[in-house]
Amino acid sequence: MSALFAAGIPGAKLVAATGCAALSETITLTRHGVQSGCAACLVLPPFFFENVSDDGLFAWYARVIEAVGDNRLRVLLYHIPQVTRVPLSVDLVARLAKAFPGIIAGVKDSSGDLANTQALLARVPQLANLVGHEPHLPQATRAGGAGT
């Protein structure tokens, strides 16, 4: 990010990717993103372990949010299970959005599963729902999606 700031790009135009394998590193990078004025932080789930329960994922994201402790924080949940092997269920996204309104700002669904994107759009329409699989962009935006 330093090079972008040095080039004069304001933090408000940036989304910091802050998801790491270690909780402490995710917190540090997320805090830095907020303190740098980034519009949001794109946070992967903890990807070191597979078969993490929704309760475990909720606790992990809650710990990140609480440790950052800044009302300016905006989190974009990053659902890319083919890479992380840790899916973010629609129920989990809805639970996080309810527990942290305003802080959970959206979800980037890079699963390539249009049915999952449509379920997110139906269940959490208040979030910025982004697709990572561009062929789904027209259908997603017609259904209320925020883009890609």
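Residues numbered from 1 in each chain as written. Predicted model: local features only at pLDDT ≥ 70, side-chain atom pairs only at ≥ 80, totals over all residues. Heavy atoms only, no water.

K.L.:
In this structure, what is going on with the overall build of the protein chain? I would like to understand it.
P.N.:
Looking only at helices and strands, the protein chain features seven helices and five strands. Reading the protein chain from its N terminus to its C terminus gives the helix and strand order α-β-α-β-α-β-α-α-β-α-β-α. Its C-alpha radius of gyration of 15 Å places the protein chain within 12% of the 15 Å reference for a compact globule of 148 residues. Its C-alpha atoms put the protein chain at 40 × 35 × 25 Å along the principal axes. Looking at the 148 residues of the protein chain, the share that counts as buried comes to 45%. (Helix = DSSP H or I, 4+ residues; strand = E, 2+ residues; numbered from the N terminus. Rg over C-alpha atoms; globule rule 2.2 N^0.38 Å. Buried < 20%, exposed > 50% of the residue type's maximum accessible area, 1.4 Å probe, protein only.)

K.L.:
Help me out: how do you make sense of the nonpolar core in this one?
P.N.:
If you look at soluble globular proteins, the nonpolar side chains tend to sit buried side by side. Among the nonpolar cores identified, the biggest contains 34 residues, and Leu 73, Val 75, Leu 77, Val 93, Leu 96, Phe 100 and Ile 104 are the most heavily contacted of them. Elements supplying a minimum of two residues to this core: α2 (23-35), β2 (40-43), α3 (54-68), β3 (75-79), α5 (90-99) and β4 (104-109). Non-local contacts of Leu 77, meaning those with residues more than four positions away in its chain, are made with Leu 42, Val 43, Tyr 61, Leu 88, Val 93, Leu 96, Ile 104, Gly 106, Val 107 and Lys 108. Counting residues in each nonpolar core, the second largest holds seven residues, with Leu 44, Leu 76, Ile 80 and Leu 130 among its members. (Core = buried A, V, L, I, M, F, W, Y, C linked by side-chain atoms within 4.5 Å. Contact = heavy atoms within 4.5 Å.)

K.L.:
Can you help me understand the sheet that holds strand β1 (residues 15-17) in this one?
P.N.:
Sheet strands line up and pair through hydrogen bonds in the backbone, either parallel or antiparallel. With respect to topology, five strands assemble into an open sheet ordered β1-β2-β3-β4-β5, the strand pairing being parallel. Looking at which strands have only one partner, the edges of the open sheet turn out to be β1 and β5 (128-131). In this sheet, adjacent strand axes meet at a mean angle of 25° when their direction is disregarded. Along the sheet, α2 makes contact with β1 and β2, crossing β2 at roughly 160°. (Pairing = 2+ DSSP bridges. Axes fitted to C-alpha atoms, helices over the stretch in contact; angles between N-to-C directions.)

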